[in-house]
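Descriptive analysis of the structure
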Amino acid sequence: ARQRQQLREAKRMLAAESLGVVLANRNGPEQGVLSGTREAVAAAAESCRRRGFAATPLPVGGAFHSPLMQDARKRFVQALKKIRVTPGPVPVYSNATGARYPDDARLARRRLGDHLLQPVDFVRELETLQAEGIETFLEVGPRAVLTGLAGRVLQNRPVNLLAVDASSGRAPGLLDLARALCRLAALGFPVRIGEWESPVAPAD
């Protein structure tokens, strides 16, 4: 409860002090990411520290999910017009709106483009998935940061959280992957363990 209160206080601080930044990521009940110019972010970090909030600078290449990405959005939208977008068999959810991407290609492109300006609401996306019956979440990629965040968002709920790099590099990658696949099989998913040592077909 105290962690949720801190995030609400941070939102009020941004509104009250006109710091020129936006809450670009809502990653959990106690973690958010601020986006803006370097100067504005530095000033906001100092305000956070004065109020007792931890503030850590992130090494990123732009003020993502903020109005400062407007020019990038224009170029991105133009590039998207050259790509054929068709609905697939597996639904894809937006972590800006928390809802499924629409089947209409025009609307899907617009949502993709707008996401450069819109905040990430990882909390809403996870809660939407869980509410629609998703009980198992698998993080694919280096480390297990999202798995940890998901655990805090969906705590005390009947979900299974797995990561292909559960040890975040501290254990051999193949061991982490094998454990993830075995756990998926134990949960009843159709994992073809027999293909673990099958030779890989050469690329054309």
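Values in this document were obtained by computation on a predicted structure and should not be read as measured data.

Details of the overall build of the chain
In terms of helices and strands, the chain carries 7 helices and 5 strands. Going residue by residue from the N terminus, the α and β elements of the chain occur as α-β-β-α-α-α-β-α-β-α-β-α. Overall, the chain is about 60 × 45 × 35 Å in size when its C-alpha atoms are taken along their principal axes. With 204 residues in all, the chain has 29% of them scored as buried.

Quick word on helix H3 (residues 70–80)
Buried residues of H3: Arg73, Val77 and Leu80, and no others. End-on view of H3: buried residues confined to an arc of 60 degrees, all on one side of the axis. Looking at H3, the residues exposed on the side facing more than 90 degrees away from the buried face are Asp71 and Arg75. Here the buried face of H3 lies against helix H4 (105–114).

Focus: the packing of helix H5 (residues 122–131) against helix H6 (residues 145–153)
The description of two helices packed together rests on the angle between their axes and the distance between the axes. Running from amino to carboxyl end, H5 crosses H6 at an angle of 70 degrees, the nearest separation of the two axes being 10 Å. Classified by the angle between their axes, H5 and H6 sit roughly perpendicular to one another. Once H5 is placed against H6, the crossing between them reads as right-handed. Listed contacts from H6 to Phe122, Val123, Leu126 and Glu127 of H5 are Leu146, Leu149, Ala150 and Val153.

Looking at the pattern of salt bridges
A side chain with one charge may pair with a side chain of the opposite charge, provided their charged atoms come close. With the rule as written, the count across this model stands at 7 salt bridges. For Asp114, the salt bridge is made with Arg73, and the minimal N-O distance between the two is 2.9 Å. Note that Asp114 is positioned in helix H4 and Arg73 in helix H3, a separation of 41 residues in sequence. On the basis of relative accessibility, which here comes to 23%, the residue Asp114 falls in the partly exposed class.

Describing the nonpolar core
With 12 residues, the main nonpolar core is built from Tyr93, Val120, Phe122, Val123, Leu126, Leu129, Phe137, Leu149, Ala150, Val153, Leu154 and Val159. Mapped by element, the contributors of at least two residues to this core are H5 and H6. The greatest single-element share of this core, amounting to 4 residues, is contributed by H5. Excluding residues that lie within four positions of it along the chain, Phe122 makes contacts with Arg26, Asn27, Asn95, Leu146, Leu149 and Ala150.

Details of helix H7 (residues 173–186)
Over its 14 residues, H7 extends 20 Å from the first C-alpha to the last, a length consistent with the 20 Å expected when each residue adds 1.5 Å. The complete set of buried residues in H7 reads Asp176, Ala180 and Leu184. An end-on view of H7 places all buried positions within 70 degrees of arc, on one side of the element. What points out from H7, more than 90 degrees from its buried face, is the exposed set Leu174, Arg179 and Ala186.

Details of the pairing of strand E2 (residues 31–35)
In this structure, strand E1 (residues 22–28) lies alongside E2, joined through 5 bridges in antiparallel fashion. Residue pairing for E2: Leu23 is matched across the bridge by Leu34.

Some points on the sheet that holds E1
Spatially, E2-E1-E3 is the arrangement adopted by the 3 strands of the open sheet, whose pairing is mixed. Edge positions in the open sheet fall to E2 and strand E3 (120–121), since each of these has one partner strand only.

The rules behind each value
Residues numbered from 1 in each chain as written. Predicted model: local features only at pLDDT ≥ 70, side-chain atom pairs only at ≥ 80, totals over all residues. Heavy atoms only, no water. Helix = DSSP H or I, 4+ residues; strand = E, 2+ residues; numbered from the N terminus. Buried < 20%, exposed > 50% of the residue type's maximum accessible area, 1.4 Å probe, protein only. Arc of directions from axis to C-beta. Contact = heavy atoms within 4.5 Å. Axes fitted to C-alpha atoms, helices over the stretch in contact; angles between N-to-C directions. Parallel < 35°, antiparallel > 145°, perpendicular 65-115°, else oblique. Left-handed = near helix turned anticlockwise from the far one by under 90°. Salt bridge = Lys/Arg side-chain N within 4 Å of Asp/Glu carboxyl O. Core = buried A, V, L, I, M, F, W, Y, C linked by side-chain atoms within 4.5 Å. Expected span 1.5 Å × (residues − 1). Pairing = 2+ DSSP bridges.

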